[in-house]
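Coordinates in review
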Amino acid sequence: MDMLIGGKHISSDDLQEVKNPYDGEIIDNIPIAHRQTADLAIKEANDAKEGLVEMSAFKVSNKLFNVCEKLKDNKMDLAQLLTMEVGKPINESLVELDRSIETLKLAAEEAKRIYGESVPLDAGLNGKGFFAFTQRVPLGVVAAITPFNYPLNLTIHKIAPAIACKNTVIIKPPTEAPLTVMKFAEILNEEFPDGVINTVTGYGSEIGDYLVTSPNIDKISFTGSVTTGLMISQKAGMKKVTLELGGNDPLVVLKDADIDKAVRGVINGAFLNAGQVCMGVKRIIVEDEIASEFTRKLVDATDRLVMGNPLDENTTLGTLISEKAAMQVEEAVNNAVNDGANILTGGVRDGAFYEATVIDNVTQDMDLVVNETFGPIAPIIHVNSLDEAIEVANDTEYGLQAGVFTNDYYSAMRCANEIEAGTVFVNKQSTFRTDNMPFGGFKNSGVGKEGIKYAVSEMTKTKLIGLNLR
Ligand code: NAP
């Protein structure tokens, strides 16, 4: 599939295969862009700024609603493509499509709510006799750099608010799973003037880096790993930057919890998209008193998952993004076992598949839970008190989301107040998000928030206009 730049299809003499991780088949090729191609995209996006700013909010909103309808019409085709390039079960891809439609709808609504406010300058020294108000002004060109695990919805979380507040966009999709996003860009381009949306494909370390350092881009909106995010924050200069990075989210199960509910939380949180979820459950912190009942029920539920062809609608566990990724998970689990943890179920790799794995007697210093392990793993850490549970939950450099299962409101509020994370859910796992909520982590999990209204705020600048009426 070609890149889309200024409304034209552009290729390259250098191509990269996109393979299905399930069977290794080549799905398509994408161009590896050279710097001149990135320069062309930057020029087209800058040239399109004026036309977009002149468009009324009414029109921008309607156009985003139209894109939404077109996405609905293409839902099944795009879901199948998503499953083929990522390896996630088709039912999960359909959910990603539904969420993408919802995200677009929220942005279409938000396009009509880009408000400023009046500012009482007379509340300041010498301000009497002035009338002042603010406007939210677009930044200009937003570069959206996104990861492989939810390539469509995470990219729409950048494109849709950016356009809602009249920024033009350059997308750098993930090299392993770029196709669904590239197709979406073509759908969006049918509605908006050429140059409003552009795609540039190629390796992040080269072409992504080039976009990050370009003086003609006004904002980098990045979702991906902490390592890449840190590099971007060091190189972006004076640009605005939003960083949505990795997580190592705890699921705390206290002794008075509804155990069945907590088990469902782990199944939906640790194994969704084969564990390749930033807000996935990565550490299960269980009070000792209920650990054996909880563990037994978790193993039973895990064994009911169906690993298989991701396009088969009965499949509940697909592949990882690549065999290499599955091998990294295998190594992390084997190291934990060598250090004293024990596998209760799973633990076997087959190509890019890794079995849903429950691993007990994990300690907080094991690499498996110190690092973000991006695979279908449920590591159990035992604790003896609420204090210890909170201390272990916070013993990480990450702080994306957290989930606590308890029926005691005192314990719930202590966890809510004391766990350092962008979101703490009570009686729900961390792996939950509605597309309107403020989403973004504390600590190394990121800088800034997404969730349409919050992204719009980060993609505009405030201008004050003051009238001297003295
Ligand atoms: P990644 O390796 O950081 O890649 C993300 C994107 O950045 C890709 O498009 C990549 O391009 C590009 N990139 C790589 N190096 C770059 C550089 N030097 N400059 C500019 N761009 C560069 O992350 P990933 O492995 O795809 O995704 C998994 C990570 O994303 C996990 O840590 C996960 O937790 C995190 N994530 C966070 C959220 C959130 O909202 N907080 C959501 C989903 C995922 P290439 O593909 O060409 O390398």
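Below you will find a few notes about this structure. (Residues numbered from 1 in each chain as written. Predicted model: local features only at pLDDT ≥ 70, side-chain atom pairs only at ≥ 80, totals over all residues. Heavy atoms only, no water.)

1. Digging into the sheet that holds strand E24 (residues 460-468)
One open sheet accounts for 3 strands, arranged E5-E6-E24; its pairing is antiparallel. Two strands close off the open sheet at either side, each with one partner strand: strand E5 (118-119) and E24. In this sheet, strand E6 (residues 130-138) lies alongside E5 in antiparallel orientation, the contact comprising 2 bridges. Among the inter-strand pairings, Val119 is bridged to a residue of E6, identified as Ala132. (Pairing = 2+ DSSP bridges. Helix = DSSP H or I, 4+ residues; strand = E, 2+ residues; numbered from the N terminus.)

2. A few points about the packing of aromatic side chains
Here the structure, examined in full by the defined rule, presents 4 aromatic pairs. Geometrically, the ring pair formed by Phe131 and Phe133 is tilted, given 6.0 Å between the ring centres and 40° between the ring planes. Residue classification places Phe131 among the partly exposed positions, given a relative accessible area of 40%. Note on Phe148 and Phe374: the rings are 6.1 Å apart at their centroids and 90° apart in plane angle, and the pair reads as edge-to-face. Separated by 226 residues along the polypeptide, Phe148 in the loop between strand E7 (141-145) and helix H6 (151-164) and Phe374 in the loop between helix H13 (367-370) and strand E18 (377-383) bring together distant segments of the chain. Its relative accessible area of 15% is what places Phe148 among the buried residues. Exposure remark for Phe374: the relative accessible area of 23% places this residue in the partly exposed category. (Phe/Tyr/Trp six-rings, centres within 6.5 Å; stacked < 30°, edge-to-face > 60°. Buried < 20%, exposed > 50% of the residue type's maximum accessible area, 1.4 Å probe, protein only.)

3. A word on the pattern of salt bridges
Tallying each qualifying case throughout the model produces 19 salt bridges. Note that Glu69 is salt-bridged to Lys72, the shortest N-O span being 3.1 Å. Placement of both Glu69 and Lys72 in helix H3 (residues 57-73) is noted, with a separation of 3 residues, approximately one turn of the helix. Judged by its relative accessible area of 40%, Lys72 is partly exposed. Among the ionic pairs, Asp260 bridges to Lys297, the shortest N-O distance being 3.1 Å. Here the residue Asp260 occupies a position in helix H10 (residues 259-270), and Lys297 occupies one in helix H11 (residues 288-303), the gap between them amounting to 37 residues. For Lys297, a relative accessible area of 23% translates into the label partly exposed. Among the ionic contacts, a cluster of salt bridges with common partners joins Lys70, Glu190 and Glu191. (Salt bridge = Lys/Arg side-chain N within 4 Å of Asp/Glu carboxyl O.)

Read these as geometric descriptors, not functional statements.
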